[in-house]
Structures are given as structure tokens and as C-alpha cells.
Amino acid sequence: MNPLLLESESIAHKTSNNSYTLGPMQAGTPCCKPSTLLSIENLSLYYGNKPALENVSLDIYQGCITALIGPSGCGKTSFLSALNRLTDMIPDCTVTGNIHYKGIDLHDPTIELLKLRKEIGMIFQKPVPFPLSIRRNIELPLQEHGISKQSELSSIVQQVLLDVGLWEEVKNRLDSSALDLSGGQQQRICIARALALKPKVLLMDEPCSALDPISSAVVEDLIKRLQGSYTIVIVTHNLAQAKRIANYAGFFWVKETAGCLIEFGQCKQIFESPTHELTAAYVNGCRG
Amino acid sequence: MSKINFATLLIWLVAIVITTVFVFILAEIIVYGLSGLSWSFLVEPPQNAGRSGGIGPIIISTGLILFVAIATAAPLGLATAVLLTEFTPQDSRFGFFVERSIDILAGIPSIVFGLFGNAFFCLYLGLGFSILSGGLTLACMVLPILIRTATEGFRAVPNDYRLAASALGLTRSAALIHLLLPTATPALVAGLLLGIGRAGAETAALIFTSGYVDRMPDSLFDSGRALSIHIYDLSMNVAGGDANANSTALVLIIILFLINSTSISLANQWMHKRVISS
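Let's talk about the overall build of chain A
- If you tally the helices and strands in chain A, you get eleven helices and ten strands.
- Taken over 288 residues, chain A has a buried fraction of 46%.
- For chain A, restricting intrachain contacts to residue pairs at least 6 apart in sequence, the fraction spanning at least 24 positions comes to 70%.

See below:
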């Protein structure tokens, strides 16, 4: 058992008069009984010899939305990619420290990477629909994970498109190219594609920043609806958005050359009574 | 005259000069070659060293040589490109050396390939003067073109696709087959066409490998004369062969044009079908 897990449990004893370990959710809908799903300890990340992230430790709670805020270039995206080991794809990138998912060491050499990424999905800043039809975009990963029955595929496609609120918009053109959709629709296709694999965790890297305000609002509402059913870690530059949807927030800042985690806590606390002066300055819009 | 107008003029001038050269060559071949073109010219064997008769066996030999060349070079080229772009780290020494070797190979004059083919395929491997020797020599020659264009094609595929595919738990081979290959198809087809064009027009590399024999080949181990060699022979060695040389050149141009247009439309259709149904 790692120390962070014990720590959060000891907090649970202190506040045993309510059902939440860290007190009731302060932002968003009360969604869950926070238990640690991902625990990150002393995570450091280097590109070549250059550190990008140093000594980050935090817990991601099951069913909650955790927002990561901070200026550009402070390693939030790198942090996110370390959580599903997408950092393996980046040449020269080394990760040290521990990440435990449901108690399993993510850097265990015996871990099945494909299964891990199926459980921990990722949405990118720029929507990346594949140059295939809308239907194929969702079916392809499913087939690769062993679902081959056409009726099953069709029902999953319909279900996830309903989940992301896209079914009515695209049900008559499932076989046309996903590239013809608008940016907001493309991003929702990408979310649907990830949801189809029934992940436990969704990592979202500024999913709204490439979208217009209306599409952005639609995607934000969608993320809010996913709260509770999925554990979501979202990187965002939109502080208002973080405030609206997140249960927990982590503030990253660049110290010397490497990014680090300055403060982590309940969303309301980070925004309303930050303990660190950098956090206070950032959320009040003075710096960054 | 303003700068922009001057630039526009220059661009037009260059375009016109290039087109004019092409039109002149084409016009001459058509003017002198069209009259000799007939069905019997296409199917009959040559007579009197090619002065009369047709080019039937020569078309067949050319087709067989091209087939051997492309059937060998295309899979090898594709595999090498995939290895270089998808399975070799960008800064590896191995990749660097392979790519430099390919660049050097691309710059070697075709006559050298001809001599190599003669020494290696005809003599060392004992294939003799044969369509197989000629095709394999051409394969060596077009391989650098195929690898280069395919490599560029794969590199042009946005890295986002690879990351997104990995994030969805797709294996690298699945991403390759379902995403990278279809996206790179236009580049692959373009490379294939360049290769076919180069192989189809090649003379020097074939003189020493597939030979001069102008009768119908019995098998791939038989010697066979390619269209380009026929043109060369008629215009250089056979007095009074110019008319048939022009007709043969016209046939060669038409064949290359047909190969180009059909493969482009096939590729388009295939891409379209992938998006729609597969």
C-alpha cells in the first residue's frame, strides 16, 4: 500500500461524519465517494536530459473530474500522457516515479499496454477523427479489441453517439467521412470513440480549446454528464470552465525550467481560498 | 511593370517553354508515327529487323519485364519504407545509413545497373539474358524511387493519427493497415507510377540483361526485347527503321499514359470505397 493512499484514508477517518473522504464536492454535481483510482508519486518526466516535470504527487479520485490548470509549457500535457503511458511513443522521453492504477504499477513491464490504454482513454486538444467513415471511426478500435459481431458493433455505435449527443445529427450519414463534420462534432466523435471502449478513466487535453464557443459549451456539457460514470482528468486553460465542471483542481507552474505541481485540492478551495500565493495570483488572473 | 506582373510573366513563360518542348516531341512522334499504327502493327511480329511487320512480341516482353520489376520492387520498397518510418527511431544510425545508401543508389546511372545486372543476375545467378534478369535489374533501379516516395508518404501522415491510435489501444500493425497505409496511398501510387515510368522508358539497363531477341518469349527465362530497346535499335542500327521507331515510341507513350490514368483512378476508387463501406 502506498503512503498517499494511506494518507487519504486517514483523512477519511477525520471527516467520518459525512460520506466523502475529502468532504462533499464543492463544484459540479456531487458525484462520488472519492476513492483513489490513480495515485501518482514523485513523477518526473524528461525530454532527453531536459526535465519537463518534476516531483509531481497527487491522487485522482474515482468518478470525479480533476482539472489541471496552469500556464502553457508547465508540463500538464506531458503529465497527462504519462498516465496512459503515451509517453512511450515520444522519442527521448523518460518517466521516473510511480503511477499506480487500481494499485497496479503502471511501469510494471508485464502490464498489457493495449488493455491499459483501453481502460485509460485520451482525448486530444485537436480533434483527431480518422480519415474513415463516422461508423468506422468507432468500430475500428472495437474490432481491434475483439468485438466482431455486426449487431453488437451497431448497437455500441448508436449507444455512444447517443451518449455524446451526436446521434440525431449524424444518424443519416454514418457512412460519410468523419472529416466532413464540424470541429465540435469531430471532437464528440473522438469522445464517442473513446467511450465505446468502456474506459474507466478519460484523459482530456484541452478538449475545448480548438472549438468555437458554442461547440465548446456542448462538449463541456457532455463532460459534465460523464461525471460520476467516468473518472476524468482534464487539462484546461479556461479557468471558468474548470470552476464550473471540476471537483478537484491541480495548479501547475514552471519552476526554473521544469513544471511542478504547486497546489492540489478541491476545486472550490483552489479557486476561492488558495493556500499558495502563485495559485492565488493565477486564478485571480494577475499572472500567467 | 510591377514586380508581381514580372513574376507572373516569368512563371507563365517557364510553363509555356516546358509545355512547348513536350508538345514538340509529342507532335513529331504523332506526325511520323501515327500513319504506321494499326491493329496488325500491334499484334504481328517484326520482320526484316523491324523495318516492316509489327511489335506484338515486343509489347508482351515489355509487359513481362515491367511486371517482374514492379512485382519485386513494390513489396520490397513498401516494406523498407514502413521499416524506416514506423519501426526505426528517427535519429538511429541504421536509418541514416539505409537512407543515404538509397539516395546514392538513386543517383547511379542506369548503364551501371545494366552492367551489375549482367554480372549478378545473368552470369552469377545463371539466369542468362532473360526477361527475369531484365526485370530484376529494373527492380533494383526503381527501388530507390519507390522507397523515397513511400517514405515521404508515410512521414506526411500526421503523427496525431499514430498517437490517437495508440491512445485507443490499437496495435502498431492495426494502425499501419487501417490508418497509415490508406492515408499514404496517394503517395504510394505516385511513387509506383514514377517507378513504372522510369522502368518502362529504360534502355541501357536492359541491353545487357534482357537482350535483343525480338521473337515472342516462351517464359520468363527467355530473352525478350523491350519497346525502348526496339526504338533504340531501329533508330540507331537499322537503316530505314525510323518510321517504325516513331510508331513504337507512340505505342510506348500511349501505354505509359494508360497505366498512369488507370492506376490513379483505381487508387481514387479504392480510397473512396474505404471511407464509405469497408
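Details of the interface of chain A and chain B
- Taken together, the contact pairs 26 residues of chain A with 21 residues of chain B.
- The element that contributes the greatest number of residues to the side of chain A that touches chain B is helix α3 (residues 113-119) of chain A, accounting for four residues.
- For the side of chain A that touches chain B, a count of residues per class yields 14 nonpolar, five polar and seven charged.

Some details on the packing of helix α5 (residues 110-124) of chain B against helix α6 (residues 131-156) of chain B
Residues and elements named next belong to chain B.
- In the contact formed by α5 and α6, the axes pass within 9 Å of each other and the chain directions differ by 130°. Comparing their axes, α6 and α5 come out oblique. Like other packed secondary-structure pairs, α5 and α6 cross with a definite hand, here right-handed. Within the contact between the two elements, α5 uses S110, F113, G114, G117, F121 and C122 and α6 uses S133, L136, T137, C140 and M141.
- In the contact of α5 with α6, the residues fall into six nonpolar, five polar and no charged.

Let's talk about the nonpolar core
- Core analysis: the largest hydrophobic core is formed by 139 residues, its most contacted members being A192 and V233 of chain A together with A69 and V142 of chain B.
- At 14 residues, the largest contribution of residues to this core is made by α6 of chain B.
- In contact with A192 of chain A, not counting residues within four places along its chain, are I138, V160, L161, D163, V164 and L166 of chain A.

A short note on the confidence of the model for chain A
- Residues with a pLDDT of 70 or more make up 87% of chain A, whose mean pLDDT is 82.
- Segment residues 1-31 of chain A: pLDDT under 50, and 51 contacts once partners within four positions in sequence are set aside and those in other chains are kept.

Some details on the pairing of strand β10 (residues 258-266) of chain A
- Sheet topology places strand β9 (residues 248-255) of chain A next to β10 of chain A; eight bridges connect them, and they run antiparallel. Paired with A249 of chain A across the strands is G265 of chain A, a residue of β10 of chain A.

What about the pairing of strand β3 (residues 65-69) of chain A?
Residue and element names in this part refer to chain A.
- Most of β3 sits out of view: five of its five residues are buried.
- Because side chains alternate across β3, one face comprises the buried residues I65, A67 and I69, and the other comprises T66 and L68, equally buried.
- One ladder, built from four bridges, connects β3 with strand β8 (residues 231-235); its direction is parallel. Among the inter-strand pairings, A67 is bridged to a residue of β8, identified as I234.
- As judged from the four bridges shared by β3 and β9, these two strands associate in the parallel manner. Of the residues in β9, the one forming a bridge with T66 is Y248.

What counts as what
- Residues numbered from 1 in each chain as written.
- Chains lettered and ligands numbered in written order.
- Predicted model: local features only at pLDDT ≥ 70, side-chain atom pairs only at ≥ 80, totals over all residues.
- Helix = DSSP H or I, 4+ residues; strand = E, 2+ residues; numbered from the N terminus.
- Buried ≥ 20, exposed ≤ 12 C-beta atoms within 10 Å, placed from the backbone.
- Contact = placed C-beta atoms within 7 Å.
- Nonpolar A, V, L, I, M, F, W, Y, C, P; charged D, E, K, R; others polar.
- Axes fitted to C-alpha atoms, helices over the stretch in contact; angles between N-to-C directions.
- Parallel < 35°, antiparallel > 145°, perpendicular 65-115°, else oblique.
- Left-handed = near helix turned anticlockwise from the far one by under 90°.
- Core = buried A, V, L, I, M, F, W, Y, C linked by C-beta atoms within 7 Å.
- pLDDT = per-residue confidence, 0-100.
- Pairing = 2+ DSSP bridges.

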